[in-house]
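Per-entry structural report
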Amino acid sequence: MSGQIIEFDADRVSSAGLKVYEMIANSLITEANGLRDDFSELKAMWEGPAKLEFDTQVEEEMTYLLERLKELSGYAKEIDEAGKEYRACESDVASMIQELRV
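Residues numbered from 1 in each chain as written. Predicted model: local features only at pLDDT ≥ 70, side-chain atom pairs only at ≥ 80, totals over all residues. Heavy atoms only, no water.

**Observations regarding the overall build of the protein chain**
- Assigned secondary structure in the protein chain consists of 2 helices and 0 strands.
- Within the protein chain, buried positions represent 15% of all 102 residues.
- For the protein chain, the proportion of contacts with a sequence separation of at least 24, taken over those separated by at least 6, is 81%.
- For the protein chain, the exposed area adds up to about 8300 Å²; of that, 58% sits on carbon and sulfur atoms. (Helix = DSSP H or I, 4+ residues; strand = E, 2+ residues; numbered from the N terminus. Buried < 20%, exposed > 50% of the residue type's maximum accessible area, 1.4 Å probe, protein only. Contact = heavy atoms within 4.5 Å. Areas by Shrake-Rupley, 256 points an atom, 1.4 Å probe, with all protein chains shown as cover.)

In structure tokens, the structure reads:
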């Protein structure tokens, strides 16, 4: 990566955009919980030899899905904190440069 410059625009990582992202992730969590409820209703109607295997598989998959969605929701907070830290560092560097010019 020698010689390459990584540019980051802290202003593009706005709190409003992150709030929208977080709302979408939370909405997906709500929908996944609704899907889990739908599967519970199906479970009550189903009989037969594959019932237990189906129930177990659905529960494992739903647990996995909800864990991933909660991780996604948490990323918004982490990105927001990183953006704040970056802006503070950027301000510190600008102040140091200004002091050098004096």
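On we go.
**Let's talk about a nonpolar patch on the surface**
- Taken together, the side chains of Tyr21, Leu72, Tyr75 and Ile79 make up a nonpolar region of the molecular surface, amounting to roughly 320 Å² of accessible area.
- Counting through the fold element by element, Tyr75 comes out in helix H2 (residues 51–101). (Patch = residues over 30% accessible without salt bridge, like charges linked within 9 Å, V, L, I, M, F, W, Y side chains within 5 Å. Salt bridge = Lys/Arg side-chain N within 4 Å of Asp/Glu carboxyl O.)

**Quick look at the pattern of salt bridges**
- What the rule picks out here adds up to 7 salt bridges.
- The salt bridge involving Glu67 is made with Arg68; its shortest N-O contact spans 3.7 Å.
- By relative accessible area, which is 40% here, Glu67 ends up partly exposed.
- Judged by its relative accessible area of 27%, Arg68 falls in the partly exposed class.
- Here the residues in one salt-bridge network are Glu67, Arg68 and Glu71, joined through shared partners.

**Concerning the packing of aromatic side chains**
- As enumerated under the stated definition, the model contains 2 aromatic pairs in all.
- Considering the side-chain rings of Trp46 and Phe54, the 4.5 Å spacing of their centres and the 45° angle between planes classify their relative orientation as tilted.
- Using a relative accessible area of 23% as the deciding quantity, one classes Phe54 as partly exposed.
- One aromatic cluster is present, built from ring pairs that chain together Phe39, Trp46 and Phe54.
- Against the face of Tyr64 rests Arg68, its NZ or CZ located 4.5 Å from the ring centre. (Phe/Tyr/Trp six-rings, centres within 6.5 Å; stacked < 30°, edge-to-face > 60°. Lys NZ or Arg CZ within 6 Å of the ring centre and 35° of its normal.)

**Brief notes about the environment of Val58**
- Relative to the elements of secondary structure, Val58 occurs in helix H2.
- In this structure, the C-alpha to C-alpha distance between Val58 and Phe39, residues 19 residues apart in sequence, is 7.8 Å.

Read these as spatial facts, not as claims about activity.
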